[in-house]
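Understanding the architecture of this molecule
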Amino acid sequence: MAIRKKSSKSPPVLSHEFILQNHADIVSCVAMVFLLGLMFEITAKASIIFVTLQYNVTLPATEQATESASLYYYGIKDLATVFFYMLVAIIIHAIIQEYVLDKINRRMHFSKTKHSKFNESGQLSAFYLFSCIWGTFILISENYISDPTILWRAYPHNLMTFQMKFFYVSQLAYWFHAFPELYFQKTKKEDIPRQLVYIGLYLFHIAGAYLLNLNHLGLVLLVLHYFVEFLFHISRLFYFSDEKYQKGFSLWAVLFVLGRLLTLILSVLTVGFGLARAENQKLDFSTGNFNVLAVRIAVLASICITQAFMMWKFINFQLRRWREHSAFQAPAVKKKPTVTKGRSSRKGTENGVNGTVTSNGADSPRNRKEKSS
């Protein structure tokens, strides 16, 4: 009898390439585990911590409020909710990438550098637009615009509406999802430090506003900042389709400076004047009151340092654009076209005229000198 040899094939292993190509399916399966857990009594108590918002309190009806209200505060279980919605953010990111951005990339035939920048701006512009609309809806529904004193009145704001808490949980989930996306999107090593810096800044400020019960001020500043950033990334998307397009960047430059000034004014008005004049200025962890001098100084210092850092990056960006504009415009002014054997020199049109840059000159307004790999 012939003896059958045992197969030497090893069981399938989740390789690097397999995870990159199927990460959305893997994450979807993990998210479905939590959702299916709600269907069974044994696992429902654990799954509900991940899927729904925790720490709700029902306030009884009063003379001012005829109906009872359900409000929320924060706690350690929010980490589980943030983790679940981080998985949801990864799935949505993959859907936008596959069904929108990849189709546009195939039609436009972008270089590798433009491809990565286009994907970055496409994802961020969608997120900023959605967050702006959602945040503005909360501001209007809770009368923040008609009464700015809500930013500091009745602090600590330890109780939040469902919309407010879900907004902050979603914001934290989105920026936490940006860390694994660096791996899934095969981000270049030289781009990773820049990505880590701005992801860390977002998480630091959003979590700080959430934990210090400054959620009212944080919401206003986030909507203001997201609107300015949305304008930049949507302008960059138009720039990729037509490199002569510069109007959006000019408007963004003006609004960027105004946004930094408004951020400082609102922060100083709320923390430096409103909270400084409040009666209760004792540190109390049980009630969530952090209105003490040391915390106020730390909050203002972090906001001012961040705004100064952003202005420094902005000024360097504008100076680099101005130098590149002058460098491309100088040959067209100094050198006159010479006629040789009935054929004029075409260097001016190849390298760019009047400050316009061809696709060989730059890939994006942020990193014009970056080489396409």
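An unreviewed UniProt entry lists the protein chain under the name Translocating chain-associated membrane protein, with Equus asinus given as the organism. As recorded by UniProt, the Sequence similarities (unreviewed entry) comment attached to the protein chain reads in full: "Belongs to the TRAM family." Recorded under Subunit (unreviewed entry), the UniProt text for the protein chain is reproduced unchanged: "Interacts with SEC61B. May interact with Derlin-1/DERL1."

Of the regular secondary structure elements, the protein chain holds 10 helices and 4 strands. Each helix (α) and strand (β) of the protein chain, taken in turn from the N terminus, gives the series α-α-β-β-α-α-α-α-α-α-α-β-β-α. Across the 373 residues of the protein chain, 39% fall into the buried class. Of the accessible surface of the protein chain, which amounts to about 22,600 Å², a share of 66% is contributed by carbon and sulfur atoms.

Take the environment of Gln-171 next. Its location among the elements puts Gln-171 in helix H5 (residues 162–184). When its relative accessible area of 1% is taken as the criterion, Gln-171 is described as buried. For the pair Gln-171 and Ile-206, spaced 35 residues apart in sequence, the C-alpha separation works out to 7.6 Å. Among residues more than four places away in sequence, those in contact with Gln-171 are Phe-127, Ser-131, Ile-206 and Tyr-226.

Let us look at the packing of aromatic side chains. Overall, the coordinates contain 40 aromatic pairs when judged by the stated rule. Relative to Phe-83, the ring of Phe-34 has its centre 6.3 Å away and its plane inclined at 80°; by these criteria the two rings are edge-to-face. With Phe-34 in helix H1 (residues 16–37) and Phe-83 in helix H3 (residues 78–108), this pair connects stretches of sequence that are 49 residues apart. Looking at Phe-83, the relative accessible area reads 35%, which means it is partly exposed. The ring of Phe-256 has Arg-260 sitting right over it, with the charged end atom 4.7 Å from the ring centre.

Below, the discussion takes up the pattern of salt bridges. Taken as a whole, this structure holds 4 salt bridges when the rule is applied. A single salt-bridge network, built from bridges that share partners, covers Glu-120, Arg-194 and Arg-236.

This part covers the packing of helix H6 (residues 192–211) against helix H7 (residues 215–241). At a minimum axis separation of 8 Å, H6 and H7 run at an interaxial angle of 150°. Taken together, H6 and H7 sit at an angle that is classed as roughly antiparallel. In this structure, H6 uses Tyr-202, Ile-206 and Ala-209 to contact H7, whose residues at the interface are Asn-215, Gly-218, Leu-222, His-225, Tyr-226 and Glu-229. In terms of residue class, the contact of H6 with H7 is built from 5 nonpolar, 3 polar and 1 charged.

According to UniProt, the positions carrying the feature "transmembrane region" (unreviewed entry) are residues 26–51, 82–101, 122–146, 166–184, 196–213, 219–239, 251–273 and 293–315. End C-alpha to end C-alpha, residues 82–101 measures 26 Å, and it is 100% helix and 0% strand. Secondary structure content for residues 293–315 is 100% helix and 0% strand, while the C-alpha to C-alpha distance between its ends is 33 Å.

The subject of this paragraph is unusual backbone geometry. For the peptide bond that leads from Tyr-155 to Pro-156, omega is 10°, which places it in the cis range. Relative to the helices and strands, Pro-156 resides in the loop between helix H4 (112–141) and H5. One non-glycine residue, Asn-143, adopts positive backbone phi at about 60°. Tracing the sequence through the fold places Asn-143 in the loop between H4 and H5.

Owing to its 3.6 residues per turn, the α-helix aligns residues three or four sequence positions apart on the same side. Along its 23 residues, H5 runs 32 Å from first to last C-alpha, staying within 8% of the 33 Å computed at 1.5 Å per residue. Roughly 30° is the biggest bend found in H5, and it falls at Ala-178, with proline Pro-180 one to four residues downstream.

Angle between the axes and distance between the axes are the two parameters that describe a pair of packed helices. Relative orientation of the contacting elements H7 and helix H8 (residues 247–274) amounts to 170°, with a least axis distance of 10 Å. What the angle tells us is that H7 and H8 run roughly antiparallel. Among the residues forming the contact of H7 with H8, the class breakdown is 17 nonpolar, 7 polar and 3 charged.

This next bit is on the side chain of Thr-306. Residue position: Thr-306 is located in helix H9 (residues 293–334). Only 3.0 Å separates the side chain of Thr-306 from the side chain of His-205, close enough to count as a polar contact. Engagement of the side chain of Thr-306 in a polar contact is seen with the backbone oxygen of Ser-302, the distance being 2.7 Å. Every residue in contact with Thr-306, bar those within four places of it in the chain, is listed here: Leu-201 and His-205.

Thresholds, definitions, all that
- Residues numbered from 1 in each chain as written.
- Predicted model: local features only at pLDDT ≥ 70, side-chain atom pairs only at ≥ 80, totals over all residues.
- Heavy atoms only, no water.
- UniProt positions renumbered as here; feature names shortened; annotations may be inferred.
- Helix = DSSP H or I, 4+ residues; strand = E, 2+ residues; numbered from the N terminus.
- Buried < 20%, exposed > 50% of the residue type's maximum accessible area, 1.4 Å probe, protein only.
- Areas by Shrake-Rupley, 256 points an atom, 1.4 Å probe, with all protein chains shown as cover.
- Contact = heavy atoms within 4.5 Å.
- Phe/Tyr/Trp six-rings, centres within 6.5 Å; stacked < 30°, edge-to-face > 60°.
- Lys NZ or Arg CZ within 6 Å of the ring centre and 35° of its normal.
- Salt bridge = Lys/Arg side-chain N within 4 Å of Asp/Glu carboxyl O.
- Axes fitted to C-alpha atoms, helices over the stretch in contact; angles between N-to-C directions.
- Parallel < 35°, antiparallel > 145°, perpendicular 65-115°, else oblique.
- Nonpolar A, V, L, I, M, F, W, Y, C, P; charged D, E, K, R; others polar.
- Expected span 1.5 Å × (residues − 1).
- Bend = angle between axes of the 7 residues up to and from the residue.
- Polar contact = N/O pair within 3.5 Å; in protein donor to acceptor, adjacent residues only side chain to side chain.

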